[in-house]
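# Summary of the model geometry
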Amino acid sequence: MADHGVESTLPSLGTQLRVAREAKGSSIADVVQVIRFSAHQIEALERDDYGSLPGATSVRGLVRNYAKFLKLDPLPLLALIEPAVPVPEADVRPPTNM
């Protein structure tokens, strides 16, 4: 048996969100009505398919809103996606018209 280091035994972000939604008795349509993201985006998030979502900032906002809907703490959930969806570095430059 190969040792791959310390691996998380927690379910993925998408799995946690789906399980919490189902435990609450909510459908994807219920989530869409409340948080105003598309069903496609909710489904992609629950599949951990971040590549089909529009950018890191949008993914992080979606996770925050979905967590709030499910009454979950968003911080540990956001930490789960950090390797796949890193926070973009701000590109701050001085104005060029001065």
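In case you missed it, the structure is sitting above this.
Below you will find a few notes about this structure. (Residues numbered from 1 in each chain as written. Predicted model: local features only at pLDDT ≥ 70, side-chain atom pairs only at ≥ 80, totals over all residues. Heavy atoms only, no water.)

### Considering the side chain of Gln-41
This is how it is decided: Under the DSSP-based scheme used, a helix requires at least four consecutive residues in state H or I and a strand at least two consecutive residues in state E, with every element numbered from the N terminus. Summary of the burial criterion: residues with accessible area below 20% of their type's maximum are buried, those above 50% are exposed, and those between are partly exposed, where the area comes from a 1.4 Å probe applied to protein chains only. Between two residues, a contact is recorded if the distance between any of their heavy atoms is within 4.5 Å.
Locating Gln-41 in the fold gives a position in helix 3 (residues 39-46). Taking the relative accessible area as the measure of exposure, Gln-41 reaches 17% and is therefore buried. Not counting residues up to four positions away in its chain, the partners in contact with Gln-41 are Leu-53, Pro-54 and Leu-62.

### Quick word on helix 2 (residues 28-35)
What counts is decided by this rule: In this description, one arc is meant: the one made by directions from the helix axis to the C-beta atoms.
Of the residues making up helix 2, those classed as buried are Ile-28, Val-31 and Ile-35. The arc that holds the buried residues of helix 2, viewed along the axis, is 60°, so those residues lie on one side. Of the residues in helix 2, the exposed ones pointing more than 90 degrees away from the buried face are Gln-33 and Val-34. Lining the buried residues of helix 2 we find helix 1 (13-24), helix 3 and helix 4 (56-70). Arg-36 sits one or two positions beyond helix 2 and adopts a positive phi of about 65°.

### Examining the environment of Leu-45
As for its position among the elements, Leu-45 is in helix 3. As a C-alpha pair, Leu-45 and Arg-18 span 27 residues in sequence and 9.0 Å in three-dimensional space. Leaving out residues up to four positions away in the same chain, Leu-45 has contacts with Leu-13, Gly-14, Leu-17, Tyr-50, Leu-53, Leu-62, Val-63 and Tyr-66.

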